[in-house]
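Observations on chain architecture
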Amino acid sequence: MKSFETNLAYSAGAHNAKPYLQIVDVVKKFGDHTAVDHLNLSITKNEIFALLGSSGCGKSTLLRMLAGMETPTSGKIILDGEDITHLAPYERPINMMFQSYALFPHMSVAKNIAFGLKQDGLPRGEIDERVEGMLELVQMKKYAHRKPFQLSGGQQQRVALARSLAKRPKLLLLDEPLGALDKKLRQQTQLELVNLIEQVGVTCIMVTHDQEEAMTMAGRIGIMSEGQLLQVATPGEIYEHPNCRFTAEFIGETNLFGGHVIEDEPDFVRVQSTELPRPVRIGHGITGTLGMPVWLSLRPERVGVTRRQPVSHGNWAAGTVSDIAYLGGFSIFHVRLDTGKVVKASVPATRWREEAAPIWDEPVFVSWADNDAVVLTQ
Amino acid sequence: MMNRLLSLRDSREAAARGARRSLRWQRALPRGRSLVTAVPYGWLLLFFLLPFLFVLQISFSEVEIASPPYRALVTRAEDALHIALNLGNFTYIFGDPLYFDAYLGSLRMAAVTTLICLLIGYPVAYTIARAPEAKRNTLLMLVMLPFWTSFLVRVYAWMGILDNEGLLNHLLLSLKLIDAPLALMHTQLSVQVVMVYAYLPFMILPLFSNLVKLDGRLLEAAADLGCKPWKSFLTVTLPLSKNGVIAGSMLVFIPAVGEFVIPELVGTPESLMIGKVLWMEFFDNNNWPMAAAVTIVMVALLLVPIVYLHKREEKSLARAAKH
Ligand SMILES: Nc1ncnc2c1ncn2[C@@H]1O[C@H](COP(=O)(O)OP(=O)(O)OP(=O)(O)O)[C@@H](O)[C@H]1O
Ligand SMILES: [Mg+2]
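Residues numbered from 1 in each chain as written. Chains lettered and ligands numbered in written order. Predicted model: local features only at pLDDT ≥ 70, side-chain atom pairs only at ≥ 80, totals over all residues. Heavy atoms only, no water.

This paragraph deals with the overall build of chain A. A tally of regular secondary structure across chain A gives 9 helices and 20 strands. Along the first, second and third principal axes, the C-alpha set of chain A runs to 75 × 45 × 35 Å. Considering only contacts in chain A between residues 6 or more positions apart, those separated by 24 or more positions represent 66%. Approximately 17,000 Å² of chain A is accessible, and the part contributed by carbon and sulfur atoms is 50%. Charged side chains of chain A number 39 positive and 43 negative; the gap between the two group centres comes to 7 Å. (Helix = DSSP H or I, 4+ residues; strand = E, 2+ residues; numbered from the N terminus. Contact = heavy atoms within 4.5 Å. Areas by Shrake-Rupley, 256 points an atom, 1.4 Å probe, with all protein chains shown as cover. Lys, Arg positive; Asp, Glu negative; His and termini not counted. Charge placed at Lys NZ, Arg CZ, Asp CG, Glu CD.)

Encoded structure:
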């Protein structure tokens, strides 16, 4: 059970660093609907953490509880050693960048940024100085006197960020920070945003349902489903070693095979799946028992496509090409096995230098290495 | 008599509505919406601009015992056109303190009415806008319910309430709060009360439709940035409802300036208001030019500040865009 071990090592690592924000057993109910369900999470200082999950899984609700706009039904939120569970939003050293930006339409860009500073009763000179600094940071100096409706979407987003950073909050919350931008601008902005956040040196939790965005921007990702955190780890860890079917399917594409353990040795296991012609060999042991039901997750880029039958071990299957999605740099081959299961294989274009790529209905073989399939027990 | 009285009131309101429309007209003009705007433009031209020009023309003529009772501005004699502009009506208005007092009295009454309507109407509109959606329509219905009965009937009802022998005095007497009936009827106070009553819905409705649009996330953002609720009301809700306040205030103020029926029915004979002056010039003195001049001065009094404020706002926006 290699994946579990690495996960444990990871969370142990996170606990060694002093937690800056602690979410302890937090529950939020709306009537009899549980939006957030006994959730625990620790965030270290200066970390960028992304909450990722499908629509309605409770991401925004969790963020709103951190900001103080919702009160947890039970549980505690501790920031920098202080219990903030029941503080009003305006008493928290936390600022949020809203999904819709929520810029004040009647105030200029500069006034929007100054708004939070004014609430703190800072002297005018200092407010002006800080606003100036923020405008420079987000490169909006030229637009200081414009009203929000006179700005483009990307400019509004930068103002919203500047406004939420101006108070130098202990915690910055971003709810779908780039949700309102089109895809192209979004990709440009992602790294820019990370740079800005790191430049200011602020701890940050962001919500997104775009996995690419989460993987690009965050140091750690939490996968949320039905109000619970299923896995918390680095992007690479989550992708390579998902700990459950939901995560495996949610992050990237994968082929899932249901089956059970038929051979359990210290250094390898064999899994028999009704969807595959022969038992799959996994090159490491797992903690489990013989006969226990498991799932195999096999990433498309791990699957090779050949015309010749692969030699040796059992990690291959025969089938015919049922669909090809040409994506330029690589193609996704949908191979229908004799068992009826369709396996997706992502093959780089460079693979077809010596021979022509297979065509529709051509018989082919799919194969993978011993350690390519990840065993999932839940 | 009653019919004429009503039609006078109606034309007043139409003029006021026209004034408000012309404001919108100016706003839309530079953006040039072609066909759709043609209808309101046509409407304005036909029912505001043309009548206004008629009145303007009459205001520059002289009284004559004829039908209609004024001398034509342009006459034709010996193959030449003679234009006789008579500024006498206007110099007379500005020279006689009676008119000045009447204008001032009307403006003051309208201003106080607007202010009180705003103070009562804002919290009402705010509460309705914040009420759960299911309740909102019922509450709005309650605001509009009075419109289901005739305006005059409602004013008569107030006369029944405020009269010496009226409901209110009866109530206070029977509660032994007073020994003798209060003289409420035919005072400035009674006019004020009925004016506020009559115009309040015109304040509440535009305020409501503005406040209901207020994005709740803006208030959350304000709180998030450290702003206490009462302060976010002052810095976010109130400024953002500015247009609602302006619309409501204009809907109350403009017709209130020319209000004739309420002071006539529940007011004092001494305190002359401009609506009454107009009536007297027109019907008692049969002096159409004078009545027209009184009207022109009133429209100018209302229109000039409105246009000025509007222009100023436009300029400040344009300046921000240039930066
Ligand atoms: N004020 C509320 N009253 C009742 N139910 C609510 C309320 N706010 C959220 N919910 C419910 O709680 C659940 C979680 O909502 P939440 O907004 O946190 O989802 P989300 O993960 O942010 O989804 P999305 O990605 O679509 O924004 C949803 O089922 C939603 O219907
Ligand atoms: Mg959400």
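The next thing to look at is the overall build of chain B. Along the backbone of chain B there are 14 helices and 2 strands. Each of the 323 residues in chain B was classed as buried or not, and the buried ones make up 41%. A separation threshold of at least 6 residues defines the contact pool for chain B, and within that pool the share at least 24 residues apart is 72%. Element-wise, carbon and sulfur atoms account for 68% of the exposed surface of chain B, whose accessible area totals about 18,400 Å². (Buried < 20%, exposed > 50% of the residue type's maximum accessible area, 1.4 Å probe, protein only.)

Looking now at the packing of aromatic side chains. Residue and element names in this part refer to chain B. Scanning the model with the defined rule gives 18 aromatic pairs over all chains in all. Note on Tyr92 and Tyr99: the rings are 6.0 Å apart at their centroids and 75 degrees apart in plane angle, and the pair reads as edge-to-face. Exposure remark for Tyr92: the relative accessible area of 47% places this residue in the partly exposed category. Between the aromatic rings of Tyr199 and Phe202, the centroid separation amounts to 6.1 Å while the plane-to-plane angle is 50 degrees, which identifies the pairing as tilted. Taken together, the residues span about one helical turn, with Tyr199 and Phe202 both in helix 8 (residues 188-211) at a distance of 3 residues. Three or more aromatic residues link up through ring pairs in this structure, and these residues are Tyr70, Phe260, Trp279, Phe282, Phe283 and Trp288. (Phe/Tyr/Trp six-rings, centres within 6.5 Å; stacked < 30°, edge-to-face > 60°.)

Let us now look at the nonpolar core. Of all hydrophobic cores here, the largest spans 60 residues; its most connected members are Ile93, Tyr103, Ile262, Val266 and Ile274 of chain B. Residues in contact with Ile93 of chain B, not counting those within four places in the same chain, are Tyr99, Tyr103, Met290, Ala293, Val294 and Val297 of chain B. (Core = buried A, V, L, I, M, F, W, Y, C linked by side-chain atoms within 4.5 Å.)

Once that is clear, we can look at the UniProt feature "domain: ABC transmembrane type-1" (unreviewed entry) in chain B. According to UniProt, the positions carrying the feature "domain: ABC transmembrane type-1" (unreviewed entry) are residues 103-309 of chain B. Secondary structure across residues 103-309 of chain B comprises 77% helix and 0% strand; the distance between its end C-alpha atoms is 21 Å. (UniProt positions renumbered as here; feature names shortened; annotations may be inferred.)

What follows covers the side chain of Arg136 of chain B. Residue and element names in this part refer to chain B. Tracing the backbone shows Arg136 in helix 5 (residues 133-144). At 4.6 Å, Glu133 is the nearest oppositely charged side chain to Arg136, a buried residue that forms no salt bridge. In this view, Arg136 contacts Ile128, Ala129, Ala131, Phe208 and Val212; residues no more than four positions away in its chain are not counted. (Salt bridge = Lys/Arg side-chain N within 4 Å of Asp/Glu carboxyl O.)

So, about the sheet that holds strand 10 (residues 228-233) of chain A. Residues and elements named next belong to chain A. Strand order in the open sheet formed by 6 strands is 6-7-8-3-9-10, with mixed pairing between adjacent strands. The open sheet is flanked by strand 6 (94-97) and strand 10, the only strands paired with a single partner. Each neighbouring strand pair of the sheet contributes to a mean axis angle of 20 degrees, computed without reference to strand direction. In this structure, strand 6 lies alongside strand 7 (residues 171-175), joined through 4 bridges in parallel fashion. Paired with Asn95 across the bridge in strand 7 is Leu172. (Pairing = 2+ DSSP bridges. Axes fitted to C-alpha atoms, helices over the stretch in contact; angles between N-to-C directions.)

Residues and elements named next belong to chain A. The full set of residues close to ligand 1 is Phe30, His33, Ala35, Ser55, Gly56, Cys57, Gly58, Lys59, Ser60, Thr61, Glu176 and His209. A distance of 2.5 Å separates an oxygen atom of ligand 1 from a polar atom in the side chain of Thr61. Those elements that place two or more of their residues in the shell around ligand 1 are strand 2 (33-44) and helix 2 (59-67). For the shell around ligand 1, the leading source of residues is helix 2, giving 3 residues. (Near = heavy atom within 4 Å. Polar contact = N/O pair within 3.5 Å; in protein donor to acceptor, adjacent residues only side chain to side chain.)

Among the structural elements, Ser108 of chain A can be located in the loop between strand 6 and helix 3 (109-119). In contact with Ser108 of chain A, not counting residues within four places along its chain, are Ala144, His145, Arg146 and Lys147 of chain A.

Before going further, it helps to examine the pattern of salt bridges. One pass over the structure, following the stated rule, counts 25 salt bridges over all chains. Close ionic contact of Arg186 of chain A with Asp210 of chain A constitutes a salt bridge, the shortest N to O distance being 3.3 Å. With a gap of 24 residues between them, Arg186 of chain A in helix 6 (residues 183-200) and Asp210 of chain A in the loop between strand 8 (203-208) and helix 7 (211-217) connect regions that are remote in the sequence. Given the relative accessible area of 17%, Arg186 of chain A is considered buried. What makes Asp210 of chain A buried here is its relative accessible area of 18%. The shortest N-O distance in the salt bridge between Glu62 of chain B and Arg71 of chain B comes to 3.6 Å. A relative accessible area of 39% means that Glu62 of chain B is categorised as partly exposed. Through salt bridges with shared partners, one network takes in Lys28, Arg64 and Glu70 of chain A together with Glu220 of chain B.

Residues and elements named next belong to chain A. Of the pairings in the sheet, the one linking strand 1 (residues 19-30) to strand 2 comprises 8 bridges and is antiparallel in character. Within the sheet, the bridge partner assigned to Leu21 lies in strand 2 and is Ile43. Count of turn residues in the strand 1/strand 2 antiparallel hairpin: 2 residues, of which Gly31 carries a positive phi of about 60 degrees. Bridging between strand 1 and strand 4 (residues 74-79) involves 5 bridges; their strand directions are antiparallel. Residue pairing across strands places Gln22 opposite Ile78, the latter belonging to strand 4.

All names here are of chain A. Partitioning chain A into domains gives domain 1 (4-248) and domain 2 (254-376). Taking only C-alpha atoms, the centre of domain 1 and the centre of domain 2 are 39 Å apart. Domain 1 puts 8 residues into the contact, and the matching count from domain 2 is 9 residues. Roughly 790 Å² of surface becomes buried between domain 1 and domain 2 when both sides are summed, with 52% attributable to carbon and sulfur atoms. When the buried area of domain 1 at its contact with domain 2 is split by residue, Tyr239, Arg245 and Ala248 rank highest and sum to 66% of it. Close ionic contact of Glu240 with Arg302 constitutes a salt bridge, the shortest N to O distance being 3.0 Å. Inspection of the domain 1/domain 2 interface yields 4 residue pairs in polar contact (both at pLDDT 80 or more). Within the residue set of the side of domain 1 that touches domain 2, elements represented by two or more residues are helix 8 (235-240) and helix 9 (245-250). Classifying every residue of the side of domain 1 that touches domain 2 gives 5 nonpolar, 1 polar and 2 charged. (Domains from an automatic or database assignment. Buried area = accessible area lost by both parts, 1.4 Å probe. Nonpolar A, V, L, I, M, F, W, Y, C, P; charged D, E, K, R; others polar.)

Attention now moves to the sheet that holds strand 1 of chain A. All names here are of chain A. Read across the open sheet, the 4 strands follow the order 2-1-4-5; overall the sheet is antiparallel. Each edge of the sheet is formed by a strand with only one pairing partner; in this case those strands are strand 2 and strand 5 (82-83). Of the strands in this sheet, strand 1, strand 2 and strand 4 touch helix 2, which is tilted by about 120 degrees from strand 1.

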